[in-house]
Amino acid sequence: MVSMAELVGPRLYSCCNCRTHVALHDDVISKSFQGKNGRAFLFSHTMNIMVGRKEDRQLMTGLHTVADVYCLDCREVLGWKYERAYEETQKYKEGKFILEKSKIVKENW
């Protein structure tokens, strides 16, 4: 017997603008982050994105080196990648991605 999950495929998040797949639901670490435009999700991995120029930003949790991330197809800014955290308690974010809830849509749910 084939399960429903096998028929529809993995649960994904896509770019709100062009529907390119950008992340898997299984890669969500936390849904309780704050983005520029409201709620945001922390992901361990993403796909079909470009990483922009690194810059230091003062965020709610301190100083971080981040790079904006863009949809590979339409170039929509979706969030950012944590390149470096200066505070020891924030080091777990390094190499991880923030995608803003307002910039992604659910697929296969």
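Details of the structure are given in the entry above.
Now for a description of the structure that goes with this document. In every chain, residue numbers begin from 1 and rise along the written sequence. Where totals are concerned, whole chains, interfaces and linings use all residues; where local detail is concerned, this predicted model gives features only for residues with pLDDT of at least 70, and gives and counts side-chain atom pairs only at 80 or more. Side-chain metrics rest on all non-hydrogen atoms present in the structure, leaving aside hydrogens and water.

By definition, two strands form a pair when at least two bridges between them are found by DSSP. What counts as a helix is a DSSP run of H or I of at least four residues, what counts as a strand is a run of E of at least two, and both are numbered from the N terminus. Judged by pairing direction, the sheet is antiparallel, and its 6 strands sit side by side in the order β3-β4-β8-β7-β6-β5 without closing on themselves. Each end of this open sheet is capped by a strand with a single partner; those strands are β3 (28-35) and β5 (49-59). Adjacent strand axes in the sheet meet at a mean angle of 30 degrees when their direction is disregarded. Note: β5 against strand β6 (residues 62-71), 9 bridges, orientation antiparallel. The residue of β6 that forms the bridge with Ile49 is Cys71. To obtain each axis, a line is fitted to C-alpha atoms, and for helices this fit is confined to the stretch in contact; angles are then taken between N-to-C directions over 0 to 180 degrees.

Below, the discussion takes up the environment of Trp109. Inspection of the secondary structure assignment puts Trp109 in the segment after β9 (104-107). For Trp109, a relative accessible area of 43% corresponds to the partly exposed category. Residues Trp109 and His25 lie 84 residues apart in sequence; the distance between their C-alpha atoms is 9.8 Å. If near-sequence neighbours (up to four positions away) are discounted, Trp109 is found in contact with Arg11, Leu12, Tyr13 and His25. Between N or O atoms, a polar contact is any pair within 3.5 Å; within protein, one atom must be a potential hydrogen donor and the other a potential acceptor, and residues adjacent in sequence are included only when both atoms are from side chains. Within the structure, the side chain of Trp109 is placed 3.1 Å from the backbone oxygen of Glu107, a separation counted as a polar contact. Burial classes: relative accessible area under 20% of the type maximum marks a residue as buried, over 50% as exposed, and values in between as partly exposed (1.4 Å probe, protein chains only). The criterion used for residue contact is that any of the two residues' heavy atoms lie within 4.5 Å.

Here we take up the nonpolar core. Residues Tyr13, Val22, Phe43, Ile49, Leu78, Leu99 and Ile104 are the most contacted members of the largest nonpolar core, which totals 14 residues. Elements represented by at least two residues in this core include exactly β1 (12-15), β2 (21-24), β4 (38-43), β6 and β8 (97-100). Residue contacts for Ile49: discarding those within four places in its chain leaves Val22, Val69, Tyr70, Leu72, Leu78 and Phe97. Within the second largest apolar cluster, 8 residues are counted, among which are Phe33, Ala40, Leu59 and Trp80. What makes a nonpolar core is a set of buried Ala, Val, Leu, Ile, Met, Phe, Trp, Tyr and Cys residues whose side-chain atoms join them at distances within 4.5 Å.

This part takes up the sheet that holds β2. With respect to topology, 3 strands assemble into an open sheet ordered β2-β1-β9, the strand pairing being antiparallel. The outermost strands of the open sheet, each flanked by one partner alone, are β2 and β9. Taking the axes of each pair of neighbouring strands and ignoring which way they run, one obtains an average angle of 35 degrees across the sheet. With 3 bridges joining them, β1 and β2 adopt antiparallel strand pairing. Pairing of Ser14 across the sheet is with His21, part of β2.

These results come straight from atomic positions and should not be treated as a statement about function.
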